[in-house]
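# Notes for the structure review
Chain residues, written in single-letter form:
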Amino acid sequence: MNHSDNRPDPDALLAKVKAEEKTAARGKLKIFFGSCAGVGKTYAMLSSGHQRLLEGEDVVAGIVETHGRTETEKLLEGMPVIPPVEQEHRNVMLKELDLDIALLRKPQLILIDELAHTNAPGSRHLKRWHDVGELLDAGIDVYTTLNVQHLESLSDLVAGTTGIWVKETVPDSVFDSADDIVLVDINVDELLRRLAEGKVYVSAQARANAADNFFKKSNIIALRELALRRATERVDAQMDAYKYREGIRNIMPVADKVMVCIGPEHLSEKLIRTARRMAASIKVPWTAVYVENARHYRLNEGARKAVEEHMRMVERLGGKTLVLQGTSAVDEIIAYAHDNGITKIIIGKSARTRWHDILIGSLADKIIRRSGYIDVYVVTGEDPEPQSTKSTSDLYEFKPNLYFQSMEVIIFCTCVNFIFRASLKPEDEMLIYLIGNVVVSANLGRGPSFLYALLSAFCFNFFFIPSLYTVKIEDRSFWMTLVVMLATSLVINSYASRLRLQAMFARKRERNTQLLYAFTREIAATRGHQAISEVAAKHIRDVTGADILVALPDKAGHLQIIWGELQQRDIVKESGLMQWCFDNSKPAGIGTDTMPSAQTLYLPLVTADGKLGVLGVSPKAQEKAFSADQRSLIETFASLLASAVERANAADAAERLSVDAESEKLRNALLSSVSHDLRTPLSSITGASATILMEGEKLTHETVHELARSINQEATRLSRIVTNLLDVTSLESGVVRLHKQPYYMEELIGGALLRLEHTLAIHKVETHADPDLPMIQIDGVMIEQVLTNLIENAAKYTPP
């Protein structure tokens with residue numbers, strides 16, 4: 001009988017063990033989830049906290065917003081509370097969670113209200129859910145509250161339903177990682193009654209505003225539906241995870257892949273949320289793609305930052321980001337989709353019709369035409385805050401010298417035609433102008449080429465078409481020349497710009513490759529942490545112009561700076577943030593969600609073997625943050641530096657092993673030698689004492705005296721050997737302390753010879769010491785022991 005089908009899946013068992021190890025030391029997160037304010041989330045959280053407090057557990061209230069509700073305030077009675085930190089912001093005192101005290105207190109459970117709250121400026125973390133993450137990493141259980149409108153993937157649906165954009169959001173990944181979700185729900189009519197009674201908002205004006213705006217019955221019903229649906233999705237996800245851990249294989253295999261195309265427009269946020277909801281509903285992975293083409297290099301700084309923010313939003317919602325480089329966005333998107341098995345593409349299209357879309361077709365239209373078997377979902381919308389994405393230099397600045405050069409080419413071509421006018425036909429003269437058009441279009445850009453097309457058509461008509469020196473607008477040849485020139489300019493300019501863009505991409509890739517190759521080659525030939533850090537600092541500084549800091553941990557896990565170019569006051573000010581980056585293995589500082597007000601970006605040096613240190617990079621004074629390209633390159637440098645530090649650690653470990661092996665070899669040799677040296681005096685002592693015991697009455701007085709003197713000499717020798725062994729042990733353990741005093745060398749030499757008087761009886765010893773030697777500061781006892789050992793060894797291995 002075959003029982004193979006009943007055996008557990010090894011992959012499932014391994015995944016289960018890894019998941020259990022990962023969550024064993026981490027605290028448990030429980031979210032009390034509701035449709036809107038007033039449903040009783042905080043009340044339910046406090047009630048559950050009291051239950052665990054009655055069970056004898058250590059429970060504290062970290063930060064609880066009662067909003068003046070009497071019922072909620074009563075539940076705080078009898079519960080330990082961590083005093084909040086008060087911070088002034090714009091003449092208003094804000095109360096925030098004291099994260100340091102909470103970590104130091106380390107209760108079993110902490111209650112933290114309003115997970116989506118934005119912390120006051122100057123706090124360690126930007127958002128309260130970052131604080132919760134650190135508490136969980138410290139092994140502390142957390143109870144918290146959350147409304148459905150604060151889920152990042154649903155904020156656009158909430159805005160469409162209620163007409164209100166919610167700015168404080170929580171990534172869905174935080175919600176999905178919760179160990180338990182408690183849906184707190186009440187009837188719509190009951191909620192409205194509570195609002196009217198002042199149990200939601202105490203202020204009468206606040207109640208009136210809420211009833212007129214957010215707390216409409218239709219809004220509450222829609223929010224309640226969203227909360228129920230999201231809670232159901234969460235239950236489904238938990239069931240799938242359970243089945244996977246337990247090796248139950250009745251789950252449908254992943255067949256679909258979702259890809260969303262994003263850009264700098266505000267519509268991209270809606271696209272990202274749509275992609276996340278679609279991927280979650282069909283339980284498939286999703287990727288956000290941004291194409292870096294000629295348009296990217298015409299974006300202003302605000303538009304580029306918008307792209308970076310959209311990339312971070314994708315990562316917060318659990319998606320993967322990818323930047324494609326190419327001249328044609330459609331070609332790159334379709335090629336990637338086909339190569340990676342994408343089955344659904346989500347793309348945006350403005351609700352406003354542009355002339356460009358009518359003449360050439362929008363990006364969505366082109367992708368639909370070339371999508372083939374791939375499903376394409378078009379999401380339309382208007383940007384709530386329309387803004388130009390073009391660079392200001394492209395809008396207002398132009399280079400007059402390029403236009404003058406264009407006119408110089410026209411003058412040159414006209415002169416050539418005049419010189420050879422007698423032998424040229426009108427068609428030949430037009431070709432000469434056409435050659436000039438090619439030169440201008442390929443080298444000077446679109447504006448100068450269009451100017452050339454207009455002026456060349458005018459010159460050809462004025463100077464070379466009968467009747468001469470008149471412009472005949474109605475002449476067909478004039479319009480034919482103009483159309484040919486413009487068409488030539490447009491085509492050549494398009495191809496020239498594409499070639500320039502390809503060259504730009506090639507130079508960028510070549511530069512990055514050369515930088516990384518030079519760094520890898522130099523750091524591979526470098527030994528020692530100090531030298532490796534110096535090489536890394538030099539290369540990163542050459543790329544970014546930034547100041548560099550490299551810190552590695554000591555045996556206690558505290559960071560020690562081994563290379564630093566930052567000012568000492570900045571290092572002292574941000575030392576805690578640097579240690580936090582190392583302890584949590586997460587980026588911190590400028591451009592991150594942890595202390596974004598800091599002056600430096602801290603990146604953990606992490607490899608497969610664990611965390612090794614921290615790299616700090618501080619941008620130039622005139623730059624507030626790093627660009628996406630710089631950040632990506634710095635992260636690559638950090639990864640290579642981590643590998644180099646790991647290699648240096650391995651070399652140090654190998655050297656320590658080699659030293660330990662040599663020490664062990666020396667110890668064994670010493671033990672063998674000492675064993676022989678111990679055996680000789682012990683044998684003499686044993687033999688002499690046995691003779692005295694057995695034949696003491698028969699022995700003469702002189703014989704007994706001689707045997708006793710032999711026992712004394714061998715015991716003295718044995719004492720010296722044992723003393724040497726103890727001294728060696730003390731030296732190796734590092735407990736020996738030198739006691740230096742002034743001594744004459746003659747005294748120490750004489751003392752050593754006196755101690756070895758019997759050993760040196762059969763040897764002739766000569767001493768040569770300069771009588772003018774001064775007294776020297778030494779440990780006399782130790783130096784005399786050294787001399788004794790040296791002279792004894794010499795006597796032992798020298799014939800009489």
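Reading the values: the criteria
- Here the residue numbering is sequential within each chain, running from 1 through the sequence in written order.
- Under the rules for a predicted model, residues below a pLDDT of 70 receive no local features and side-chain atom pairs below 80 are neither given nor counted, while totals for whole chains, interfaces and linings still include all residues.
- To obtain the side-chain values, all non-hydrogen atoms of the structure were used and water was disregarded.
- Every helix listed is a DSSP run of H or I at least four residues long, and every strand listed is a run of E at least two residues long, numbered separately from the N terminus.
- In this scheme, a residue with accessible area under 20% of its type's maximum is buried, one over 50% is exposed, and one in between is partly exposed, where area comes from a 1.4 Å probe on protein chains only.
- We call two residues in contact whenever any of their non-hydrogen atoms come within 4.5 Å of each other.
- To be clear on the numbers: accessible area is Shrake-Rupley with a 1.4 Å probe, and residue cover counts the displayed protein chains and nothing else.
- A pairing counts as a salt bridge when a side-chain nitrogen of Lys or Arg comes within 4 Å of a carboxyl oxygen of Asp or Glu.
- Strand pairing follows a simple DSSP-based rule, namely that at least 2 bridges must link the two strands.
- Residue types Ala, Val, Leu, Ile, Met, Phe, Trp, Tyr and Cys, when buried and joined through side-chain atoms within 4.5 Å, form a set referred to as a nonpolar core.
- To get an axis, a line is fitted to the C-alpha atoms, and for a helix only the part in contact is used. The angle between two axes follows their N-to-C directions and goes from 0 to 180 degrees.
- Here is the rule for angles: anything less than 35 degrees is roughly parallel, anything more than 145 is roughly antiparallel, 65 through 115 is roughly perpendicular, and the remaining ranges are oblique.
- Rotating anticlockwise by less than a right angle from the far helix to the near helix defines a left-handed crossing, while the corresponding clockwise rotation defines a right-handed one.
- The predictor rates its confidence in each residue with pLDDT, a number between 0 and 100.
- Any helix carries an expected span of 1.5 Å times its number of residues minus one.
- Pairs of N or O atoms are called polar contacts if they sit within 3.5 Å, as long as, within protein, a hydrogen donor faces a hydrogen acceptor (for residues adjacent in sequence, only side-chain-to-side-chain pairs).
- Aromatic contacts are taken between Phe, Tyr and Trp rings whose centres are within 6.5 Å, Trp giving its six-membered ring; a plane angle under 30 degrees counts as stacked, one over 60 as edge-to-face, and the others as tilted.
- By definition, being over a ring means that NZ of Lys or CZ of Arg is both within 6 Å of the ring centre and within 35 degrees of the ring normal.

Let us now look at the overall build of the protein. Assigned secondary structure in the protein consists of 27 helices and 19 strands. Expressed as a percentage of its 800 residues, the buried residues of the protein come to 38%. In the protein, of all internal contacts separated by at least 6 residues, the share reaching a separation of at least 24 is 70%. Surface accessibility of the protein: about 44,900 Å² in total, with carbon and sulfur atoms responsible for 57%.

The next subject is the pattern of salt bridges. Applying the stated rule across the entire model yields 29 salt bridges. A salt bridge links D176 to R230; its shortest N-O distance comes to 2.8 Å. Of the two residues, D176 is situated in helix α7 (residues 172-176) and R230 in helix α10 (residues 217-245); the sequence distance between them amounts to 54 residues. Note that R273 and E269 form a salt bridge whose closest N and O atoms lie 3.9 Å from each other.

Attention now goes to the pairing of strand β2 (residues 59-63). The buried fraction of β2 is high, at five of five residues. Here four bridges tie β2 to strand β5 (residues 109-112), and the two strands are oriented parallel to one another. Its bridge partner lying in β5, V59 is registered against L109.

By size, the foremost hydrophobic cluster in this structure holds 55 residues, and its most contacted members are I31, F33, I110, L135, L146 and F215. When near neighbours in sequence (up to four residues on either side) are disregarded, L135 contacts L97, L99, A102, L103, I110, I112, I140 and V142. Of all hydrophobic cores here, the second largest spans 30 residues; its members include L515, L603, L612 and A638.

Right, let's get into the sheet that holds strand β13 (residues 547-553). On the basis of which strands lie adjacent, the open sheet formed by five strands has the order β14-β13-β17-β16-β15 and antiparallel pairing. Where the open sheet ends on each side, the last strands, each with one partner, are β14 (559-564) and β15 (588-589). Pairing of β13 with β14 involves five bridges; the strand directions are antiparallel. Residue pairing in the sheet places L552 in a bridge with Q560 of β14. Packing against the sheet, helix α21 (residues 529-544) makes contact with β13, β14 and β17 (610-618), and its axis sits at approximately 55 degrees to β14. Lying over the sheet, helix α23 (residues 575-584) contacts β13, β14, β15, β16 (601-607) and β17, oriented at roughly 145 degrees with respect to β17.

Pairing is parallel in the open sheet, where five strands are placed in the order β10-β9-β8-β11-β12. With partners counted over all chains shown, the strands left at the sheet margins are β10 (320-325) and β12 (375-381), one partner each. Here the strands of the sheet are splayed against their neighbours by 25 degrees on average, with no regard to which way each runs. Taken together, the three bridges between strand β8 (residues 258-261) and strand β11 (residues 344-350) define a ladder with parallel strand orientation. Bridge pairing links V260 to I346 in β11. Packing against the sheet, helix α13 (residues 329-339) makes contact with β8, β9 (286-292), β10 and β11, and its axis sits at approximately 130 degrees to β10.

A few words now on the packing of helix α18 (residues 426-443) against helix α19 (residues 446-464). At a minimum axis separation of 10 Å, α18 and α19 run at an interaxial angle of 165 degrees. Between α18 and α19, the angle falls in the class roughly antiparallel. Of the two elements, α18 crosses α19, and the hand of that crossing is right-handed. Contacts between α18 and α19 involve P426, E429, M430, I432, Y433, G436, N437, V440 and S441 on the former and, on the latter, P448, S449, Y452, S456, C459, F460 and F464.

On to the confidence of the model for the protein, then. For the protein, per-residue confidence averages 80 on the pLDDT scale, and 87% of positions sit at 70 or higher. For the stretch residues 250-254, pLDDT sits under 50, and the model shows seven contacts to residues farther than four places along the chain or on other chains. Note on residues 384-388: pLDDT is under 50 here. Beyond four places in sequence and across chains, it has three contacts.

This paragraph deals with helix α11 (residues 267-282). In an α-helix, one turn spans 3.6 residues, which is why side chains three or four residues apart end up on the same side. Look at α11: 23 Å from first C-alpha to last across 16 residues, which is about the 22 Å you get at 1.5 Å a residue. Counting buried positions over the 16 residues of α11 gives 12, a clear majority of the element. Listed in full, the buried residues belonging to α11 are L267, S268, E269, L271, I272, R273, T274, A275, R276, R277, M278 and A279. Taken from the residues just after α11, K283 is the one with a positive phi, measuring 60 degrees.

Once that is clear, we can look at the side chain of D172. Counting through the fold element by element, D172 comes out in helix α7. Since its relative accessible area comes to 0%, D172 is described here as buried. Within the structure, D172 has its side chain in polar contact with the side chain of S153 (distance 2.6 Å). Setting aside residues up to four positions removed in sequence, D172 forms contacts with L151, E152, S153, R230, R276, R316 and L317.

The next thing to look at is the environment of P587. By the element assignment, P587 lies in the loop between α23 and β15. In this structure P587 comes out as partly exposed when scored by relative accessible area, which is 34%. When the C-alpha atoms of P587 and L601 are compared, they prove to be 7.4 Å apart, with 14 residues separating the residues in sequence. Dropping the residues within four chain positions of it, P587 is found in contact with W580, C581, T592, T594, Y602, L603, P604 and R631.

One pass over the structure, following the stated rule, counts six aromatic pairs. On the numbers, 5.7 Å between centres and 10 degrees between planes, the contact of F458 with F462 is stacked. One end of the pair, F458, and the other, F462, are both in helix α19, four residues apart, so they sit about a helical turn from each other. Judged by relative accessible area, which is 36%, F458 ranks as partly exposed. Aromatic side chains F462 and F463 sit 4.9 Å apart centroid to centroid with 90 degrees between the ring planes, which places their arrangement in the edge-to-face category. Ring pairs connect the aromatic residues F418, F458, F462 and F463, which therefore count as one cluster. Sitting over the face of the ring of F582, K611 holds its NZ or CZ atom 5.2 Å from the ring centroid.

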